[in-house]
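# Close look at the chain arrangement
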Amino acid sequence: MRAGGDGRFYITTAIPYVNAAPHIGHALEFVQTDVIARANRLMGREVLLLTGADENSLKNVKAAEEQKITTQQLCDRNAAYFMELAQKMNLSFGVFMRSSLREAHWPGVQRLWQLCDGAGDIYRKKYSGLYCVGCEQFYTEGELVGGLCPEHKTKPEPVEEENYFFRLSKYQDALQKLIEEDRLRVWPQSRKNEVLGFIRGGLEDFSISRSVARARGWGVPVPGDSSQIMYVWLDALSIYMTGVGYGTSDKEFGKWWPTDVHVIGKGIIRFHAVYWPAILLSAGIDLPKSVFVHGYLTVEGEKMSKSIGNVVSPLALLGKYTADELRYYLIRDIPTFEDGDFSEAALKDRVNKELLGDLGNLVNRVLTIVEKSGFTDFSGKNELGGMLDADAVVGALGAMELHNALGMIMEFVRACNRYVNDKAPWKLDGEELRGVLYNLLEAMRIVSVLMYPFIPETSEKIAGKLGTRITGFAECRFRESFTERTAKGEHLFKKIE
RNA sequence: AGCGAGGUAGGGUAGUCUGGAGUGCCCGCCGGGCUCAUAACCCGGAGAUCGGUGGUUCAAAUCCACUCCUCGCUACCA
């Protein structure tokens, strides 16, 4: 994760396909993205986080028909769910971009198309496939169950249609080199291998348009051909650019592009690590610097699915848990790049044992002793500083090891609790007590800064109790003395029964 | 089938690249301490032939070969 020389950092979530309400997987992605964004702010960078909604798809048209509302109404409603989730989880986004915004989004997509076309990479070709009339979509052999449409159990018919294709094959060597050399970095290594394996297997051109009839007229029109509409990928990926002004404000676009990190789920890696950079190469636009691929969540050990009825709604969870509690759990319990399992029992456990029992308790017990001490300024020998390697925490954040970074901070919190027990400050007085409290106050101040990317509201609360401010990672070393006025106030967390 | 990832105490993980006593962490279990703290905190203990087999080495969870099991990817699918 290297920001440009100008100290700016542009990061995106994947653009969720808004044909349904958000599930817990979306929440995971939001949190991971936000932790990276906030960490970069504390590193002193100017950060822009983009999220949004991908709305131009046939499925939305059909869902709207079923619900007897317009497609735009359906998109508006579903996009609002994602906006709500982003806000409630404290995703610090600057842009929420939607692909149905004609004025903001369409000009950029069409310009991109024209650039690829100008490079000679777009051509017409007959596309044939197995088409299910009921689903109104094409299936590959592998997707069929016993040769039948998995949904309608009918035999799809071979259909032929002329579409536009993108010359992906032309970029095979260039892409392979870019990824091998980490000029387009793919996190983690295992995903990079997977992408390279795919590229080495040979790249075929892919279809980038549909007939207007088949798309039901919903989507971005192909420039100069009123019979075709762009297929979702070119359109959806462009959101990353149009969201920062591509096609509408060259100045804004120049300020933020290229993307530093695209955060995505493992299911859409090919589009981001192969199709997208190829399109940009064709158009002569700078490539994103990296793609961050997280895993998927199971729920209580089972795959999330509508038919099982175990889809976990983060919006519902947020009625019961605070944003920080959910954020903490998702980073702490789910390995950053692996699949993980969501379990409410585990969530509760993390909140009660760690946020409340370790962190909340530390703050509370120390501030109680501080108040009883009657001291207002604290100094002494630095005994706790050696227990924390703040640079290692920041380094882990820079290396995208969110899980490890948080683990290191919690280890320090435990060390602080141990220190309290060992020193038994309730038995001390005078300079000895002053020195112990100095160590603990400085430790908590630093914890409030390091924790900020993960649990920003709680960090602000801790800083508020300490009378300090969270400015940046540069603040994460012990000062000579602690002189701010503390105020114990209420508990940071409530026990969840 | 091909390519990729992984199999470490009851559960979950770190360690593996750059071999060095099974070393660590979380949950759970057992015992003890403390009383500042939201029955929170701290210490100690039990519990693992590090998937299996065979090699390399003075020494292997770590390197090599083979093998068993799990998962992911294998294209127009969010």
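This brings us to unusual backbone geometry. The step from W187 to P188 runs through a cis peptide bond, and the omega angle for that step is -10°. Along the polypeptide, P188 turns up in the loop between strand 7 (185-187) and helix 6 (189-200). Residues W257 and P258 are joined by a peptide bond in cis, for which omega reads 5°. Structurally, the position occupied by P258 is in the loop between helix 10 (250-256) and strand 12 (261-265). Even without a glycine there, the phi angle at N90 is positive, about 60°. Residue placement: N90 occurs in the loop between helix 3 (71-88) and strand 3 (95-98). In this structure, R216 is a non-glycine residue whose phi angle is positive, near 60°. Looking at where R216 falls in the secondary structure, it is placed in the loop between helix 7 (212-215) and strand 10 (221-222).

Moving on to the domain arrangement of chain A. Here chain A is partitioned into domain 1 (8-294) and domain 2 (344-482). The C-alpha centroid of domain 2 is placed 42 Å from the C-alpha centroid of domain 1. Listed as interface residues are 11 residues of domain 1 and, on the opposing side, 16 residues of domain 2. Taken together, the two surfaces of domain 1 and domain 2 that pack against each other cover about 1,200 Å², and 78% of this comes from carbon and sulfur.

Our next topic: the pairing of strand 12. For strand 12, the tally of buried residues reaches five of five residues, placing the bulk of the element in the interior. Both faces of strand 12 are covered, namely the face carrying V261, V263 and G265 and the face carrying H262 and I264. In the sheet, strand 1 (residues 8-12) pairs with strand 12 via two bridges, with the strands oriented parallel. Bridge pairing links I11 to V261 in strand 12. For the handedness criterion, the β-α-β arrangement of strand 12, helix 11 (residues 269-283) and strand 13 (residues 290-294) is classed as right-handed.

With that out of the way, let us pick up the packing of helix 14 (residues 344-373) against helix 17 (residues 430-451). The contact between helix 14 and helix 17 brings their axes to 10 Å, and the two run at 145°. Like other packed secondary-structure pairs, helix 14 and helix 17 cross with a definite hand, here left-handed. Residues L359, L362, V363, V366, L367, I369, V370 and S373 of helix 14 touch helix 17, and the partners they reach there are L433, L437, L440, L441, M444, V447 and M451. Grouping the constituent residues of the contact of helix 14 with helix 17 by class yields 14 nonpolar, one polar and no charged.

This part takes up the environment of A80. Along the chain, A80 turns up in helix 3. Put simply, A80 and A53 are 27 residues apart on the chain and 9.3 Å apart in space, counted from C-alpha to C-alpha.

Looking now at the sheet that holds strand 15 (residues 302-303). Read from one edge to the other, the open sheet built from three strands follows the order 15-14-16, with strand pairing classed as mixed. Of all strands in the sheet, those with a lone pairing partner are strand 15 and strand 16 (340-342), marking the two edges. Across two bridges, strand 14 (residues 297-299) lies against strand 15 in antiparallel orientation. Paired with T298 across the bridge in strand 15 is K303.

Turning next to helix 16 (residues 402-423). Its 22 residues place the ends of helix 16 32 Å apart at the C-alpha level, agreeing with the 32 Å of an ideal helix rising 1.5 Å per residue. Just downstream of helix 16, A424 is the residue with a positive phi angle, here 45°.

Here helix 5 (residues 172-180) crosses helix 6 at 160°, and the two axes come no closer than 10 Å. With respect to their mutual orientation, helix 5 and helix 6 come out roughly antiparallel. Helix 5 and helix 6 meet at a crossing whose hand is left-handed. When helix 5 is examined against helix 6, the residues Q172, L175, Q176, I179 and E180 are found in contact with a partner set consisting of K192, V195, L196, I199 and R200.

Scanning the entire structure with this criterion turns up 18 aromatic pairs. Chaining the aromatic ring pairs together yields one cluster made of Y10, Y240, Y246, F253, W257 and W276. We note R124 situated over the ring of Y164; from NZ or CZ to the ring centre the distance is 5.0 Å. We note K125 situated over the ring of F165; from NZ or CZ to the ring centre the distance is 4.4 Å.

Bringing the sheet that holds strand 9 (residues 209-211) into the picture now. By definition, the strands of a sheet pair up through backbone hydrogen bonds, in either a parallel or an antiparallel sense. Spatial ordering of the open sheet is given by 9-11-10, a layout of three strands whose pairing is antiparallel. Lying at the two open borders of the sheet, with one neighbouring strand each, are strand 9 and strand 10. In the sheet, strand 9 pairs with strand 11 (residues 225-230) via three bridges, with the strands oriented antiparallel. Pairing of R210 across the sheet is with I229, part of strand 11.

About the thresholds
Residues numbered from 1 in each chain as written. Chains lettered and ligands numbered in written order. Predicted model: local features only at pLDDT ≥ 70, side-chain atom pairs only at ≥ 80, totals over all residues. Heavy atoms only, no water. Helix = DSSP H or I, 4+ residues; strand = E, 2+ residues; numbered from the N terminus. Domains from an automatic or database assignment. Contact = heavy atoms within 4.5 Å. Buried area = accessible area lost by both parts, 1.4 Å probe. Buried < 20%, exposed > 50% of the residue type's maximum accessible area, 1.4 Å probe, protein only. Pairing = 2+ DSSP bridges. Right-handed = clockwise from strand over helix to strand, strands pointing away. Axes fitted to C-alpha atoms, helices over the stretch in contact; angles between N-to-C directions. Left-handed = near helix turned anticlockwise from the far one by under 90°. Nonpolar A, V, L, I, M, F, W, Y, C, P; charged D, E, K, R; others polar. Expected span 1.5 Å × (residues − 1). Parallel < 35°, antiparallel > 145°, perpendicular 65-115°, else oblique. Phe/Tyr/Trp six-rings, centres within 6.5 Å; stacked < 30°, edge-to-face > 60°. Lys NZ or Arg CZ within 6 Å of the ring centre and 35° of its normal.

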